[in-house]
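Chains, contacts and geometry: an overview
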Amino acid sequence: DFPSDGGTSIACEPTAGAATAAQACATTGDCVGGLTCLFDKCRTYCGTPGAACAGSLYSSCHVHAGITGYDVCGIKCTLTDPASCGGTLGCVPTAAGSADTTECEPVGAAVSGATCVGPLDCTPGFTCVNLGSGNLRCQQFCTYPGGACTTGTCTQLSPVITITGVEYGYCG
């Protein structure tokens, strides 16, 4: 299982907790049998990256930390809803095989217009966008085209992010 070391190594850990799918956890020991604690949420393992995971709380199966054979189900969330993951977690897009899916992950505190290096630098509901010539800034997610923006208008992302038939953009 993935121990609570950031989730990049594998070790046996006791599993005797009561937390079920998508519930908060600190270690795998907090989750019921068969689930692992990753990014502070209990989740199940899966076998085919890109395949849909069973249950309404999960998105698609994806490889965790590039460790072949240790695929986990992403937690279903909404990119445009900063509260969809809860706590300090943010909803981020992630590749799942040949498709895009969502995942709840720890994110940063950079706000709209702040400089960033990647999407995990930005506060929930925002992503890191190259506005040209390497000018990377946190921008609010929106549904493209025509999605609601606090400021600006919804602009198409490049590369395009489409999750379960919904295309997402950024407010700029």
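Here is a short report on the structure shown in this document. (Residues numbered from 1 in each chain as written. Predicted model: local features only at pLDDT ≥ 70, side-chain atom pairs only at ≥ 80, totals over all residues. Heavy atoms only, no water.)

With that out of the way, let us pick up the overall build of the protein. Within the protein, the secondary structure is distributed over zero helices and ten strands. Ordered by position in the sequence, the α and β elements of the protein form the string β-β-β-β-β-β-β-β-β-β. Buried residues in the protein amount to 41% of all 172 residues. Accessible surface, the protein as shown: approximately 8,100 Å² in total, 56% of it carbon and sulfur. (Helix = DSSP H or I, 4+ residues; strand = E, 2+ residues; numbered from the N terminus. Buried < 20%, exposed > 50% of the residue type's maximum accessible area, 1.4 Å probe, protein only. Areas by Shrake-Rupley, 256 points an atom, 1.4 Å probe, with all protein chains shown as cover.)

So, on to the environment of Pro124. Structurally, the position occupied by Pro124 is in the loop between strand S6 (99-106) and strand S7 (126-130). Between the alpha carbons of Pro124 and Pro106 there is a distance of 9.1 Å; along the sequence they are 18 residues apart. Those residues in contact with Pro124 that sit more than four places away from it in its chain are Pro82, Leu89, Gly90, Val107 and Gly108. (Contact = heavy atoms within 4.5 Å.)

Two orientations exist for strands paired in a sheet by backbone hydrogen bonds: parallel and antiparallel. One open sheet holds the four strands; their spatial order is S1-S2-S4-S3, and the pairing between them is antiparallel. Strands with a single pairing partner mark the edges of an open sheet, and in this sheet they are strand S1 (35-38) and strand S3 (58-63). Averaged over all neighbouring strand pairs, the angle between strand axes comes to 45 degrees, with direction disregarded. Relative to strand S4 (residues 71-75), strand S2 (residues 41-46) is paired through two bridges, and the arrangement is antiparallel. Across the sheet, the residue bridging to Cys46 is Asp71, located in S4. (Pairing = 2+ DSSP bridges. Axes fitted to C-alpha atoms, helices over the stretch in contact; angles between N-to-C directions.)

The full count for this structure, using the stated rule, is ten disulfides. Covalent S-S linkage joins Cys122 and Cys138, the inter-sulfur distance amounting to 2.1 Å. Because the torsion about its S-S bond is -85 degrees, the bridge between Cys122 and Cys138 counts as left-handed. In this pair, Cys122 is assigned in the loop between S6 and S7 and Cys138 in strand S8 (residues 136-143), connecting sequence segments 16 residues apart. Taking the relative accessible area as the measure of exposure, Cys122 reaches 1% and is therefore buried. Assessed through its relative accessible area of 0%, Cys138 is described here as buried. Here Cys149 is linked by a disulfide to Cys171, with a sulfur-sulfur distance of 2.1 Å. (Disulfide = S-S within 2.5 Å.)

Along the chain, the position of Cys128 falls in strand S7. Cys128 sits 15 residues away from Gly113 along the chain, and the two C-alpha atoms are 9.3 Å apart. Once residues lying within four places of it in the same chain are set aside, the contact partners of Cys128 are Cys116, Val117, Gly118, Pro119, Cys122, Leu136, Arg137 and Cys138.

So, on to the pairing of S7. Burial runs high along S7: four of the five residues are buried. The sheet contact formed by S7 and S8 spans five bridges and is antiparallel. Paired with Thr127 across the strands is Gln139, a residue of S8. Between S7 and S8, which pair antiparallel one after the other, the connecting turn spans five residues, and Gly132 there sits at a positive phi close to 120 degrees.

Under the defined criterion, the tally for this structure stands at one aromatic pair. Ring geometry for Phe141 and Tyr168: centres 6.5 Å apart, planes at 80 degrees, overall edge-to-face. Linking Phe141 in strand S8 with Tyr168 in strand S10 (residues 166-171), this pair joins segments that are 27 residues apart in sequence. Judged by relative accessible area, Phe141 falls into the buried class, the value being 2%. A residue is classified by how much of its surface remains accessible, and Tyr168, at 8% relative accessible area, is buried. (Phe/Tyr/Trp six-rings, centres within 6.5 Å; stacked < 30°, edge-to-face > 60°.)

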